[in-house]
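Reading the structure
Residue-level listing of the chains:
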Amino acid sequence: MCGIVGYIGSKNAVPILIEGLKRLEYRGYDSAGVGLLVDQKPIVIKNKGKVSELEKRVGTNVYTAPVGIGHTRWATHGEPNETNAHPHTNTTGDLFLIHNGIIENFQSLRTSLQKQGYKFVSETDTEVIAHLIDSFLKKDIDLFKAVRLALSEIEGTYGLAIIYSKEPDRIIAARKGSPLVIGIGDHEHYIASDVSALLAYTKQVVYLEDGEVAEIRAEGFLAKTILDEDIIKEVTEISMTMEEIDKGGYETFMLKEIMEQPESIQNSLRGRLIPEEGTAKLGGIESELVHIARCKRAVFTACGTSWHAGLVGEYMFEQFLRIPTEVEYASEFRYRNPIIQPEDTILFISQSGETADTLAALKEAKRKGALCLGICNVVGSSIARESDSGVYIHAGPEIGVASTKAFTAQLTVLALITLAAARKRDMSLADGKAIVEEFLKIPEKVKTILSQRKQVEEIAEIFKDATNFLYLGRGYNFPVALEGALKLKEISYIHAEGYPAAEMKHGPIALVDENMPVVFIAPKDSTYDKIISNIQEVRARRGNIIAIASEDDDVIEKYANYVIRIPNTIRMLMPILTVIPLQLLAYYIAVKKGLNVDQPRNLAKSVTVE
Ligand code: M6R
């Protein structure tokens, strides 16, 4: 979703802003722009489309600006075009700003500002902020205070950066519901919506919290609440490295992230398994484990791929903890006045830790007094900080918009939580040890599957022009069917649906003919025979069957047109393996269709609006 970057210091801001915006491209956007102060004069340049286009328009040596801000916009109010792109300015053009988030009361503010004579040029919600601040500046109020006063009238969410040419030695930044971080350099400061934009320059950062506003100068910064209270901010050292956010020799981030899953899963496991005790140690939730193990009800809340991880978590909790478990879309949970008891455990799963619906659901659950646990990838993200406690999945930065390694790391952490809680309950030492033993083999098994990617690529070549796909699985592999379909939809724009395999005959079977590829996730487990019956039903209708099958399944070839083999493991860990071929299949189909897999159309990496 939208990205923010800013610089103030003695260097030229232009290359820093362009480089920073390129680092944020993965979030998804449709227009880009920069605002600079050149000899204290405001210059705003923006365009529809890519940052590379903006770079050409700004030029590399045309401007020297000691202060500037840059933005990538993902359209919400008003179509993606140059006028709606950020920065937005006041009427005189001496104030310009960039904004992530949504101003909910923009219509009433716009009407009231229009009555005062303000003329609007864009269709955006953001433009009201520029005019509103201007209305306070006109009363001879300084910029920092004018911003705080304007924000006290604004409802909605924002990450904001503002420059005023009459006070050229500062950037004002503000946050509510949309992340913003200040980077500390040597006699210079940066701002960004995401630390990956700052990593090339500094590792010392300060996270702004909701309701905070900062005045940032080259030499330092001052943070206050909107209500003018001073705040002391803590400096955090980022551990992420530049190598981690580069493509590392792969053509795309998505392929790199698929291929690095043996390591990312290993990182999720690192130091957390205790083989001799047949359990797992998860520092972040150690003191909550008894509550989790004995709670009356567990609820997983998330969106998209993270929601699919929650569905797998439901199977794990019910199998090993025997706790009634529900899985809720965060967007539904937050608005239906959920019934929450103090004995409940609510788990919020989010790669980015910034998904607006999941964050709002968390705040609602906290308000109602449940134990709220975060399962996040991005360290220091809003959900990680707002949760009572939680576990990081340690997948490393995920740049490709389609989530891959974060999903398998989420499954890994969910299995670790299940194991640790089950060992506080009924699970025996022997059973715990058997799970730990299997866990330790998973990274190698993932490697084995990845080594067959050529074969998956060949299957992708055959089906790249299909217009529909069905994904079917049972038990633990039903959520994997949903995830396989989502991956394909997201990056190849092929319509795909996931179903529990047995549901097929209640409707989707009507779609099956010789043009319909049907992916069956059919490892040898307790539902194997049933799945074989479902495969035969599709075969009888001339559907094209691609089966994800166990390495030792010597009959599957009789039924399926194409078979991708996976090693055996226990049921709980099987989804970590079965999803890998589906990620590869979606990836190769999209690449063969000539599509941009890292930044698929209309999608954003981190969905920070409702
Ligand atoms: O950052 P989150 O895990 O909270 O994101 C949730 C979804 O937006 C995300 O999983 C989305 O569905 C991905 N594009 C899936 O590949």
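Scroll up a little and you will see the structure.
An account of the accompanying structure is given in this report.

Conventions we followed
Residues numbered from 1 in each chain as written. Predicted model: local features only at pLDDT ≥ 70, side-chain atom pairs only at ≥ 80, totals over all residues. Heavy atoms only, no water. Helix = DSSP H or I, 4+ residues; strand = E, 2+ residues; numbered from the N terminus. Contact = heavy atoms within 4.5 Å. Pairing = 2+ DSSP bridges. Axes fitted to C-alpha atoms, helices over the stretch in contact; angles between N-to-C directions. Parallel < 35°, antiparallel > 145°, perpendicular 65-115°, else oblique. Left-handed = near helix turned anticlockwise from the far one by under 90°. Nonpolar A, V, L, I, M, F, W, Y, C, P; charged D, E, K, R; others polar. Near = heavy atom within 4 Å. Polar contact = N/O pair within 3.5 Å; in protein donor to acceptor, adjacent residues only side chain to side chain. Areas by Shrake-Rupley, 256 points an atom, 1.4 Å probe, with all protein chains shown as cover. Phe/Tyr/Trp six-rings, centres within 6.5 Å; stacked < 30°, edge-to-face > 60°. Buried < 20%, exposed > 50% of the residue type's maximum accessible area, 1.4 Å probe, protein only.

1. Some remarks on the side chain of threonine 358
Secondary-structure assignment places threonine 358 in helix 11 (residues 356-367). Filtering out sequence-adjacent residues up to four positions away, threonine 358 remains in contact with Thr301, Ala302, Cys303, Ala330, Phe348, Ile349 and Ile383.

2. Examining the sheet that holds strand 14 (residues 230-231)
On the basis of which strands lie adjacent, the open sheet formed by seven strands has the order 5-6-7-8-12-13-14 and antiparallel pairing. Either end of the sheet is taken by a strand with one partner, and the two such strands are strand 5 (88-89) and strand 14. Judged from the five bridges that link them, strand 7 (residues 158-164) and strand 8 (residues 171-176) form a sheet pairing that is antiparallel. Bridging from a neighbouring strand, leucine 160 pairs with alanine 174 of strand 8. This element, helix 4 (residues 127-137), spans strand 5, strand 6 (95-100) and strand 7 of the sheet and lies at about 135 degrees to strand 6. Sitting on the sheet, helix 5 (residues 143-151) touches strand 6, strand 7, strand 8, strand 12 (212-216) and strand 13 (221-225), and the angle it makes with strand 12 is about 160 degrees.

3. Some thoughts on the packing of helix 16 (residues 477-492) against helix 18 (residues 574-592)
Interhelical geometry of helix 16 versus helix 18 gives an angle of 20 degrees and a closest axis separation of 9 Å. Here helix 18 runs roughly parallel to helix 16, going by the angle between their axes. For helix 16 against helix 18, the interelement crossing comes out right-handed. Across from Asn477, Val480, Glu483, Gly484, Lys487, Leu488, Ile491 and Ser492 in helix 16, the residues of helix 18 making contact are Met574, Pro575, Thr578, Val579, Leu582, Ala586, Tyr587, Ile589 and Ala590. Across the contact of helix 16 with helix 18, the residue classes tally to 11 nonpolar, four polar and two charged.

4. Looking at the environment of threonine 305
Position of threonine 305 among the secondary structure elements: in helix 9 (residues 304-321). Distance from threonine 305 to glutamate 483, taken between C-alpha atoms, is 6.4 Å for residues 178 residues apart in sequence. When neighbours within four sequence positions are excluded, threonine 305 is seen to be in contact with Ser403, Phe407, Gln410, Glu483, Leu486 and Lys487.

5. Examining the site of the ligand
Near the ligand, the surroundings consist of 14 residues, among which Ser306, Ser350, Ser352, Thr355 and Glu490 are the closest. For the ligand, an oxygen atom lies 2.6 Å from a polar atom in the side chain of serine 306. For the ligand, an oxygen atom lies 2.7 Å from a polar atom in the backbone of glutamine 351. About the coverage of the ligand: the protein hides 92% of its 410 Å² of free accessible area. Only helix 9 and helix 16 provide two or more residues apiece to the shell around the ligand. Counting residues per element, the shell around the ligand draws most heavily on helix 9, at three residues. A breakdown of the residues in the shell around the ligand according to their chemical character gives four nonpolar, eight polar and two charged.

6. Here's the deal with the packing of aromatic side chains
Under the definition given, this model contains nine aromatic pairs. Between tryptophan 307 and tyrosine 329, the ring centres sit 3.9 Å apart and the planes meet at 10 degrees, which makes this aromatic pair stacked. Of this pair, tryptophan 307 sits in helix 9 while tyrosine 329 sits in strand 19 (residues 325-329); the two residues are 22 residues apart in sequence, bridging distant segments of the chain. On the accessibility criterion, tryptophan 307 (12% relative accessible area) is buried. Ring geometry for phenylalanine 463 against tyrosine 562: centres 5.5 Å apart, planes inclined by 90 degrees, an arrangement best described as edge-to-face. With a gap of 99 residues between them, phenylalanine 463 in helix 15 (residues 453-463) and tyrosine 562 in strand 27 (residues 562-566) connect regions that are remote in the sequence.

7. Brief notes about the sheet that holds strand 23 (residues 468-473)
What the five strands build is an open sheet, ordered 24-23-25-26-27; its pairing is parallel. Two strands bound the open sheet, and with one partner strand each, they are strand 24 (495-500) and strand 27. Averaged over all pairs of adjacent strands, the angle between strand axes in this sheet comes to 15 degrees, irrespective of strand direction. Bridge analysis of strand 23 against strand 25 (residues 517-522) gives three bridges, and the strand direction is parallel.

Just distances and angles here, no functional claims.
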